[in-house]
Amino acid sequence: MAKLSQEDLLAQFEEMTLIELSEFVKAFEEKFDVTAAAAVAVAGPAVPGAPAEAEEEKDEFDVILTGAGDKKIQVIKVVRELTSLGLKEAKDLVDGTPKPVLEKVNKEAADKAAEALKGAGASVEVK
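Quantities reported herein were computed from a predicted structural model and do not represent experimental measurements.

Rules used in this analysis
Residues numbered from 1 in each chain as written. Predicted model: local features only at pLDDT ≥ 70, side-chain atom pairs only at ≥ 80, totals over all residues. Heavy atoms only, no water. Salt bridge = Lys/Arg side-chain N within 4 Å of Asp/Glu carboxyl O. Helix = DSSP H or I, 4+ residues; strand = E, 2+ residues; numbered from the N terminus. Buried < 20%, exposed > 50% of the residue type's maximum accessible area, 1.4 Å probe, protein only. Phe/Tyr/Trp six-rings, centres within 6.5 Å; stacked < 30°, edge-to-face > 60°.

Caption draft 1: Molecular detail of the pattern of salt bridges. Applying the stated rule across the entire model yields 6 salt bridges. Note that Lys91 is salt-bridged to Asp95, the shortest N-O span being 2.7 Å. Taken together, the residues Lys91 and Asp95, both in helix 4 (residues 87-95) and 4 residues apart, mark about one turn of the helix. Owing to a relative accessible area of 37%, Asp95 belongs among the partly exposed residues under this scheme. When salt bridges with common partners are traced through the structure, they connect Lys72, Lys91 and Asp95 into a single cluster.

Right, dumping it as structure tokens:
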């Protein structure tokens, strides 16, 4: 079997849906007995009397669908409009709440998506 270059692999991943990519990651983790979790840096103890760092203003937000409400079909339609998911993937996302609909988007896009989902009858969190 010919080896694929990194660019070829990335091109293949670009064509996958989020659900297909998630399933691939799970299979990869099982096959090679690894996890795809990010490493966490451990901070040292705070120096007494040192001013606390100002919390950075958040510029990336996640829109998380926490419930579909009574109008599930309308919510699925809105999810499809907001993402590039197909009907089955959007339905699976709505059925498997709580799930992120959009990740790492700016404040304006997150607010618009949350309003659209709330307008369709869903319950939404923006984190």
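The rest of the description comes next.
Caption draft 2: Representation of the packing of aromatic side chains in the model. What the rule picks out here adds up to 3 aromatic pairs. On the numbers, 5.1 Å between centres and 50° between planes, the contact of Phe13 with Phe24 is tilted. Here Phe13, found in helix 1 (residues 6-14), pairs with Phe24, found in helix 2 (residues 18-32); they are 11 residues apart in sequence, far enough to count as distant. Relative accessible area serves as the criterion here: at 26%, Phe13 is assigned to the partly exposed category. Taking relative accessible area as the criterion, Phe24 reaches 35% and is therefore assigned partly exposed. Where Phe28 meets Phe32, the ring centres are 4.8 Å apart and the plane angle is 50°; that geometry is what we call tilted. A residue pair is termed a helical-turn pair when its members lie 3 or 4 positions apart in one helix, as Phe28 and Phe32 do in helix 2 at 4 residues.

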